[in-house]
Amino acid sequence: MLFVLAAKEWATNLLELRFLVCASLCVFLGVVSVFVLRADLVAKRTDFHSNQSVYRSQAEEYGSYRQLQRQGVRVDRPPQNFQVLFYGVEKTLDRSAVISDDYLPGFEGDINSNPSVLLFPVADMLFVVGVVLSLLAFFMSYDAVAGERERGTLKLLLSYSVPRDTLILAKWVGGYLSLALPFLVSLALSALLISASDDIPFRGSDWEAFFVAGVVSLLLIAVMFSIGLLVSVRARQSSTAILSLLALWVILALVLPNSGPYLAEVVSPVPGVGEVERTIAQRTKGLSDEYAAGWRRGGRRMRNMTGEQRAEFRRERTKAREQLQVAVNEATEEVIRDFERQLRQQIEVARTITRLSPVAAFVYANTDIGETGVRHERRLVNGLREYQHQFARYVAEKQEASSGGGDFGFGEDDDYDIDDMPVFQQREDHLSDRLAARSVDMLLLVVFAILFFMAAFVSFLRTDIT
Amino acid sequence: MLALLIAKELRSHLLSYRFVLTLLLFFVLIVSSVEMLALNYDRQATNYAETKRSQEEALKEATDFRSLQWRGIKVEKPPNPMSVFAMGLEREMSRSVKVSRFEDAKLGRSKYANPLFALFPAPDLLYIVNIVGSLLALLFAFDAICGEQENGTLKLVMAYSVPRHLVLLAKWIGGYLALILPFFASVFTALLFAQLTTSLSLSASDWTAFLGLMAVAVLYMSVFYALAMWISVLTHRSSTSLVLNFLVWVILVLLVPNTAPMAARAMSPVPSPGVIAGQRQAIQRSIWREAWRDIRQAPREDRAALREEIQARIRSETDKVMIDYLQKVDSQISTGVMLARLSPSASYVYATAGLAGSGLTEFTGLREYIGRYRTEFLDKVQQLTDERNREAEGVTDQEERQEIRDAPIDPDDLPAFAPVRPRLADNLVDLQTDLLILLVLNAVFFLGAYSGFLRYDLMK
């Protein structure tokens, strides 16, 4: 019985203009987005690899470890495979970092880059599913019950010996399938596009993540479809249903997720950059003043010193300088850590506010599954700092071992050789860890799906069919 | 006659569910968005003033003037009150910029930024009008003709002695008024509320820009209104019209502008900025390395001139690289803009962001201003250093000499970092393409609806 009803529902949907439009939109948008983003990713990957060697040879030309320490090596933001599907935090101008003796490096934006990408949201799979498909889900479901009631066919249907629960279940299954199947086709086509390109190395774990992301997308579509069905059961007329759903869509998919970060800034403010820098300056001012005073005191005495004493004094000051650097680093790190704790809290607040919207939960889940989300950003910055420590250690060791040579000002080290310099490598983030981090969002989607379907189910059982 | 028809149209809209919904949506969205972003602006303005004050204090206290040109100073653009309505690139533009002799200016402070902002576009007025406004315009007009045809009332109206063009015009005016009135009411309330509760205040030129903003919004929504009307004339069932409208909307508003910049990046590639920076460094290094010997061998008094000459050579060589590179960037930007203009939504975004001072032109302007400011700042520092050196020459005591050279500086002596926003008149020149596109589309769609309606088959 269920099967017959679902098949009937599916067949009626299939014959409608809106199915044709929805299905073709779904496939078309999916393919276009993957196609365009694939070209973007390939270009980024080529850039990344050629830049890597360019940066390396630039560093080799420095000729002295001092220069290396001061001017540093550049590191580009590694392109993420998943940005063909979920662009996420990759939508930024901050592309390259300089690793030098500054021990808190970060990716920075070049002033001469093209900012036009930032004016519009990127049309990636995230956008296609979160915004377009959730609207299509409303479009497919708004008259599922309300329309039949208006036309009178609902009365006819229920005059047969069909239980209401089977009927509503069949409506859900039939309607959902007519939405999920085009999406699966679009997903399969994008998988094909990805695997057809040799330049995008999707590995086993990436395909697993792809699979999970697909399941999460299907979950979101289920949630939105259930909401549509619920409104369709409750509404008297299908025109009322579609209008209410459109308003709901605007709020759930367009406004709530976007307002989150701004609301969080009001609710749980973090100090501005200027304030952070001020705090750091205050904390370190005492330290460096003391150091400077030491120089001044010594400078006066130096005139009356013998050569040996002077050398001794210089050594002492160098030591003091190192100690100062360590103390300044510690103080700065403390301030930054405190700031970052507050920022994490703010992000958490923003997430909690926006999770009311299933679309936001979906975005958080899929960006982190695809390693293009907030988690990735944090890991990237941490990785960069770790690399800076490695780099600093390496340069210090080399400087100590180096025999020096050349002049003081523009001096070159005769044995300058950085073949064994460490390379920046982002540590792998296991899929299971990523999933564990986003379990709340996925759970929430499941709960939403069940909740709204149950609400639709119960309402339909008690609905007045005339 | 026309007035009567318009009044009837308006009345029937005012009583409908969609009018209530539109009113509510516009009201809630616009008021909360403006208020939220105004609060944000408030914080930014306080932060900016605070940072600026402490930077000036630090300058006044600093006792190592000589290192200023290496250490550089941090400058920041004051926050733009118009960004409350159109965020655009404001977030990227208001980062603090370090200006120093040896480093290029970076638009950087990302290591302290909240990455969530990258995930979603800003929910500003621009976004609401761009997406929600266009959608509502479609909803108001999708059944203008075919809905009445379905109900049979169209036949009834035409049985009276009213010319068809008047009916269509009345429908256009009446329906559009019903859409635009809630919009204006919401914007007005939002503005009032934000001005009362936050420190948001607009200057005279800001008000003009704001009026321009409203005008572009009205023009943009009417494009979609006319388009929906045309589609409703072409179809005979309102459900078909709705689906078609929706299809067109997704493509025009969601697909074209969002894909265009990406497509432009693939179509006209640009080398990455890091490579260019490296190239410039390499040029600098190689010229210095060649010239190093000459300088050392030259007699002491010629060295300064020689240095100057080398600097000039480096500048001209690196400028060549930069000009070439910037040309590529500009051509990529204009490719993206041209592609995106296939959709009126992009024209709307460009025009609005331009009017609000947070668009692409302003970004380029800021980039150029930072370059100019850097030269100005370094020249000034050099001049001050020279003055102090001259002053110190006569002093015999070494410590005193050092004190004169390193004395703290009055912040007012340094050039002020104050990028000027382009005037509205200059802006209009840039905006005219977008305005023209919107106007032409309005005319085309309305004429399409008009000629379609004149041959509309009432009996079908």
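For clarity, every value in this text was computed on a predicted model and none was experimentally measured.

1. Points about the overall build of chain A
Of the regular secondary structure elements, chain A holds 15 helices and three strands. Across the 466 residues that make up chain A, the buried fraction comes to 44%. Put simply, of all contacts in chain A between residues at least 6 apart along the chain, 85% involve residues at least 24 apart.

2. Some details on the overall build of chain B
Within chain B, the regular secondary structure consists of 17 helices and three strands. On C-alpha atoms alone, chain B measures out to a radius of gyration of 30 Å, which is more than a quarter above the 23 Å that the 2.2 N^0.38 rule sets for 460 residues. With the principal axes as the frame, chain B shows a C-alpha extent of 105 × 50 × 35 Å. Within chain B, the proportion of its 460 residues that are buried is 42%. For chain B, contacts bridging at least 24 residues in sequence account for 86% of all contacts bridging at least 6.

3. What about unusual backbone geometry?
Residues and elements named next belong to chain A. Despite not being glycine, Glu371 shows a phi value in the positive range, around 55°. Structurally, Glu371 is set in the loop between helix H12 (358–369) and helix H13 (374–401). A residue is classified by how many C-beta atoms lie within 10 Å of it, and Glu371, with 25 of them, is buried.

4. Examining the nonpolar core
Looking at soluble globular proteins, one finds that nonpolar side chains tend to be buried together. Among the nonpolar cores identified, the biggest contains 222 residues, and Leu136(A), Ile221(A), Leu445(A) and Tyr225(B) are the most heavily contacted of them. Ignoring sequence-local partners within four residues, the contact set of Ile221(A) consists of Leu133(A), Ala137(A), Leu179(A), Ala180(A) and Phe183(A).

5. Thoughts on helix H13 (residues 300–340) of chain B
Residue and element names in this part refer to chain B. Given a rise of 1.5 Å per residue, 41 residues ought to cover 60 Å, and the 60 Å separating the end C-alpha atoms of H13 matches this to within 8%. Residues of H13 that are buried include every one of Thr318, Val329, Gln332, Ile333, Gly336, Val337 and Ala340, and no others. Where H13 is buried, its residues contact helix H11 (238–267), helix H12 (273–297), helix H14 (344–356) and helix H15 (360–393).

6. Some details on the environment of Ala59(A)
Residue and element names in this part refer to chain A. Tracing the chain through its elements places Ala59 in helix H2 (residues 17–60). A tally of 18 C-beta atoms within 10 Å means that Ala59 is categorised as partly exposed. Along the sequence, Ala59 and Gly72 sit 13 residues apart, while their C-alpha atoms lie 7.4 Å from each other.

7. A short note on the packing of helix H8 (residues 204–234) of chain A against helix H9 (residues 238–267) of chain A
All names here are of chain A. Two elements in contact, H8 and H9, have axes whose closest approach is 9 Å; the angle formed by their N-to-C orientations is 140°. The element H8 and its partner H9 pack so that their crossing is right-handed. In this structure, H8 contributes Ile227, Gly228, Val231 and Ser232 to the contact, and H9 contributes Ala241, Ser244, Leu245 and Leu248.

8. Side note on the pairing of strand S2 (residues 94–99) of chain A
Residue and element names in this part refer to chain A. The buried count for S2 comes to six of six residues, which makes it a mostly enclosed element. Bridge count for strand S1 (residues 73–76) against S2 is four bridges, and the pairing is antiparallel. Across the sheet, Arg74 pairs through a bridge with Val98, a residue of S2. Pairing of S2 with strand S3 (residues 108–110) involves two bridges; the strand directions are antiparallel. When the sheet's bridge partners are listed, Ser96 is paired in S3 with Glu108.

9. Things to note about the packing of helix H4 (residues 125–141) of chain A against H9(A)
All names here are of chain A. One way to put it is that H4 packs onto H9 with a least axis distance of 10 Å and a crossing angle of 155°. Judged by the inter-axis angle, H4 sits roughly antiparallel to H9. For H4 against H9, the interelement crossing comes out right-handed. Contacts between H4 and H9 involve Gly130, Val131, Ser134, Leu135 and Phe138 from the first element and Leu245, Trp249 and Ala253 from the second. Of the residues contributing to the contact of H4 with H9, the split by class is six nonpolar, two polar and no charged.

10. A short note on the confidence of the model for chain B
Close inspection of predicted coordinates is inappropriate for parts of the model with low pLDDT. Averaged over chain B, the pLDDT score is 86; the fraction of residues at 70 or greater is 98%. Per the prediction output, this complex has pTM 0.89; the corresponding ipTM is 0.87.

11. Considering the environment of Leu230(A)
All names here are of chain A. Along the chain, the position of Leu230 falls in helix H8. For Leu230, a count of 24 C-beta atoms within 10 Å puts it in the buried group. It is 6.9 Å that separates the C-alpha atoms of Leu230 and Phe452, two residues lying 222 residues apart in sequence. Not counting chain neighbours up to four residues away, the residues in contact with Leu230 comprise Phe452, Ala455, Ala456 and Ser459.

12. A few points about the environment of Pro257(B)
Relative to the helices and strands, Pro257(B) resides in helix H11. Residues Pro257(B) and Val337(B), 80 residues apart in the sequence, show an inter-C-alpha distance of 8.7 Å. Setting aside chain neighbours within four positions, we find Pro257(B) in contact with Phe120(A), Ala340(B), Ser343(B), Ser345(B), Ala346(B) and Val349(B).

Here is what the cut-offs are and how they apply
Residues numbered from 1 in each chain as written. Chains lettered and ligands numbered in written order. Predicted model: local features only at pLDDT ≥ 70, side-chain atom pairs only at ≥ 80, totals over all residues. Helix = DSSP H or I, 4+ residues; strand = E, 2+ residues; numbered from the N terminus. Buried ≥ 20, exposed ≤ 12 C-beta atoms within 10 Å, placed from the backbone. Contact = placed C-beta atoms within 7 Å. Rg over C-alpha atoms; globule rule 2.2 N^0.38 Å. Core = buried A, V, L, I, M, F, W, Y, C linked by C-beta atoms within 7 Å. Expected span 1.5 Å × (residues − 1). Axes fitted to C-alpha atoms, helices over the stretch in contact; angles between N-to-C directions. Left-handed = near helix turned anticlockwise from the far one by under 90°. Pairing = 2+ DSSP bridges. Parallel < 35°, antiparallel > 145°, perpendicular 65-115°, else oblique. Nonpolar A, V, L, I, M, F, W, Y, C, P; charged D, E, K, R; others polar. pLDDT = per-residue confidence, 0-100.

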